[in-house]
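Per-entry structural report
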Amino acid sequence: MKRTSHIPELREIIALEKEKGRKIALVPTMGFLHKGHLSLIEHAKQTDAFVVLSIFVNPLQFGPKEDLSRYPRDLERDARMVEEAGVDVLFHPMVEEMYPRPMVTFVEVSELDTMLCGATRPGHFRGVATVVSKLFHIAQPDMAFFGQKDYQQYKLIERMVIDLNLPIKIYPVPIVREEDGLAMSSRNVLLTSEQRQQAVILSKSLKAAEVSIRAGQRSAQEIERQLRERITLESDGVIDYVEIRDTDDLSKVTDIKRPILLALAVFFGKTRLIDNKVVEVDQDV
Ligand code: AMP
């Protein structure tokens, strides 16, 4: 596996592969990798493309009171993991490489960036869209892989690619979970053991909500109420949001008639966890 922290060197490596007729697949991450990231790599490898994995903890997507300095990092462990997983090139730039001077140019995907996570994290998705655009321009991939764990991020990038006519196919990858159901996240190591145990309520409550919808409940308000009640009663988690949205445009849903996204964000202490579930519904139930 090749590895570089420099943009010109990465461009050279990729240009050589493109000359050979190779397709390029990009897997953007913030590192401290886990099986969720490995699943993105597996999906990318299945396409036979040359796989570029980036590790960059992007300051632009963290608010001033957020956990940028606490964000877990271990580049050497990550490098061993991605080499074993068959990544072709690891790109791990320093902040100065990506932002040599203060940015004045940004990519904003309006509407999609102010709802759900965007409501509590103003500027977060502008930071995400801008850094992903930069990575797209640097690596010029034919395809890029995003986890459904960050469903809103995946939809926002998909929309950005459409709106800006970028010739890049966006592949969503299903959420990878721990054995007890907790969605894998680099932030899980920030939880105390008690918080870690309680955090299982997120996936449990989402499953219960799915069961309730399958049993015929069609009121989004009632499902949201059930989710909130379960999380509040069974944990010390502080709810940021619990919402039911259209899987496609993320608009609010009142009557559950088409596939919906159950989405939630909950604080355990200072650590904010997100999880979601897509529920397909039979139109005539
Ligand atoms: P991050 O390093 O947290 O920025 O995540 C990098 C990519 O991995 C994003 O596309 C995430 O959605 C994806 N990802 C993170 N956790 C998971 C997971 N548990 N399952 C699937 N994809 C994930």
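Being a predicted model, the structure only gives us computed values, none of them experimental.

What follows is about the packing of aromatic side chains. This model, assessed by the stated rule, comprises four aromatic pairs. Seen in terms of ring centroids, F145 and Y171 are 4.8 Å apart; in terms of plane orientation they differ by 5°. Their pairing is stacked. Highlighted residues: F145 in strand β5 (residues 143-147) and Y171 in strand β6 (residues 169-173), separated in sequence by 26 residues. The buried category is assigned to F145, whose relative accessible area is 2%. Lying over the aromatic face of F32, R77 brings its terminal NZ or CZ to 4.9 Å of the ring centre.

Let us look at the nonpolar core. One finds M98, F136, I157, M160 and I170 to be the most contacted residues of the largest nonpolar core, which totals 45 residues. At the level of elements, α1 (7-19), β2 (24-29), β3 (50-55), β4 (89-91), α6 (124-139), β5, α7 (151-163) and β8 (260-268) are the ones that each hand at least two residues to this core. The element that contributes the greatest number of residues to this core is α6, accounting for nine residues. Mapped onto the domain boundaries, this core takes at least three residues apiece from domain 1 (2-173) and domain 2 (186-275). Counting residues in hydrophobic clusters, the runner-up holds 24 residues, among them L182, L202, V242 and I256.

For A208, the location among the structural elements is in helix α9 (residues 201-214). Overall, the relative accessible area of 30% leaves A208 in the partly exposed class. Separated by 98 residues in the primary sequence, A208 and S110 have C-alpha atoms spaced 33 Å apart.

Close contacts around the ligand come from 17 residues, with H37, G147, D150, V176 and M184 the closest. H37 is positioned such that a nitrogen or oxygen atom in its side chain is 2.9 Å from an oxygen atom of the ligand. Contacts to the ligand include M184, whose backbone N or O atom sits 2.8 Å from a nitrogen atom. With the chains in place, 93% of the 490 Å² that the ligand exposes on its own is no longer accessible.

So, on to the sheet that holds β6. What the six strands build is an open sheet, ordered β1-β4-β3-β2-β5-β6; its pairing is parallel. This sheet does not close on itself; its edge strands, each paired only once, are β1 (2-4) and β6. Each adjacent strand pair in this sheet contributes to an overall mean axis angle of 25°, direction not counted. Direction of pairing for β2 relative to β3: parallel, over a ladder of six bridges. Note that in β3 the partner of T29 across the bridge is I55. Contacts from helix α2 (residues 35-45) reach β2, β3, β5 and β6 within the one sheet, and its direction differs from that of β5 by about 150°. Relative to the sheet, α6 contacts β2, β3, β4, β5 and β6, its axis offset from that of β2 by approximately 150°.

Moving on to the pairing of strand β9 (residues 271-279). Most of β9 sits out of view: seven of its nine residues are buried. Two elements, β8 and β9, share nine bridges in a ladder whose sense is antiparallel. Following the sheet pairing, F268 is matched in β9 by T271. Taking the residues between adjacent antiparallel strands as the criterion, β8 and β9 are bridged by two residues, where G269 takes a positive phi near 60°.

The next point concerns the domain arrangement of the chain. Each assigned domain of the chain is listed with its residue range as follows: domain 1 (2-173) and domain 2 (186-275). The C-alpha-based centres of domain 1 and domain 2 are spaced at 26 Å. Summed over the three residues of domain 1 that lose the most area to domain 2, namely R70, L116 and Y151, the buried surface amounts to 35% of that side. Between the two partners, domain 1 and domain 2, sit two salt bridges. Here K155 makes a salt bridge to D248, at a shortest N to O gap of 3.4 Å.

Let us now look at the sheet that holds β9. Here three strands make up an open sheet; going across it, the order is β7-β8-β9 and the pairing antiparallel. Each end of this open sheet is capped by a strand with a single partner; those strands are β7 (238-246) and β9. Sheet twist, expressed as the mean angle between neighbouring strand axes with direction ignored, is 10°. One ladder, built from eight bridges, connects β7 with β8; its direction is antiparallel. Residue pairing across strands places R245 opposite L261, the latter belonging to β8.

Rules of the game
Note on numbering: residues in each chain are counted from 1, in written sequence order. Totals for whole chains, interfaces and linings use every residue, but because this is a predicted model, local features are given only for residues with pLDDT of at least 70 and side-chain atom pairs only at 80 or more, for both listing and counting. Side-chain metrics in this entry use all non-hydrogen atoms of the structure; hydrogen atoms and water are not considered. Whether two aromatic rings pair depends on their centres lying within 6.5 Å, for rings of Phe, Tyr and Trp, where Trp uses its six-membered ring; planes under 30 degrees apart make the pair stacked, over 60 edge-to-face, and the rest tilted. By definition, any uninterrupted DSSP run of H or I lasting at least four residues is a helix, any uninterrupted run of E lasting at least two residues is a strand, and each is numbered from the N terminus. Accessible area is worked out with a 1.4 Å probe on protein chains only. A residue is then buried under 20% of its type maximum, exposed over 50%, and partly exposed in between. For a ring to carry a charge above it, either NZ of a lysine or CZ of an arginine must fall within 6 Å of the ring centroid while also lying within 35 degrees of the normal to the ring plane. To form a nonpolar core, buried Ala, Val, Leu, Ile, Met, Phe, Trp, Tyr and Cys residues must be joined to one another through side-chain atoms within 4.5 Å. What counts as a domain boundary in this text is fixed by an automatic or database domain assignment. Being near a molecule or strand, for a residue, comes down to having at least one heavy atom within 4 Å of it. In protein, a polar contact means a hydrogen-donor-capable atom and an acceptor-capable atom, both N or O and within 3.5 Å, with residues adjacent in sequence counting only if both atoms are side-chain atoms; elsewhere, any N or O pair within 3.5 Å suffices. Residue exposure ignores everything except the shown protein chains as possible cover, and the areas themselves are Shrake-Rupley values with a 1.4 Å probe. By definition, two strands form a pair when at least two bridges between them are found by DSSP. Axis geometry follows a simple rule: fit a line to the C-alpha atoms, using only the stretch in contact for helices, then measure angles between N-to-C directions, giving values from 0 to 180 degrees. Residues are treated as being in contact if the distance between any of their heavy atoms lies within 4.5 Å. Two parts placed together each lose some accessible area under a 1.4 Å probe, and the buried area is that loss summed for both. Salt bridge, as applied in this entry: a Lys or Arg side-chain nitrogen positioned within 4 Å of an Asp or Glu carboxyl oxygen.

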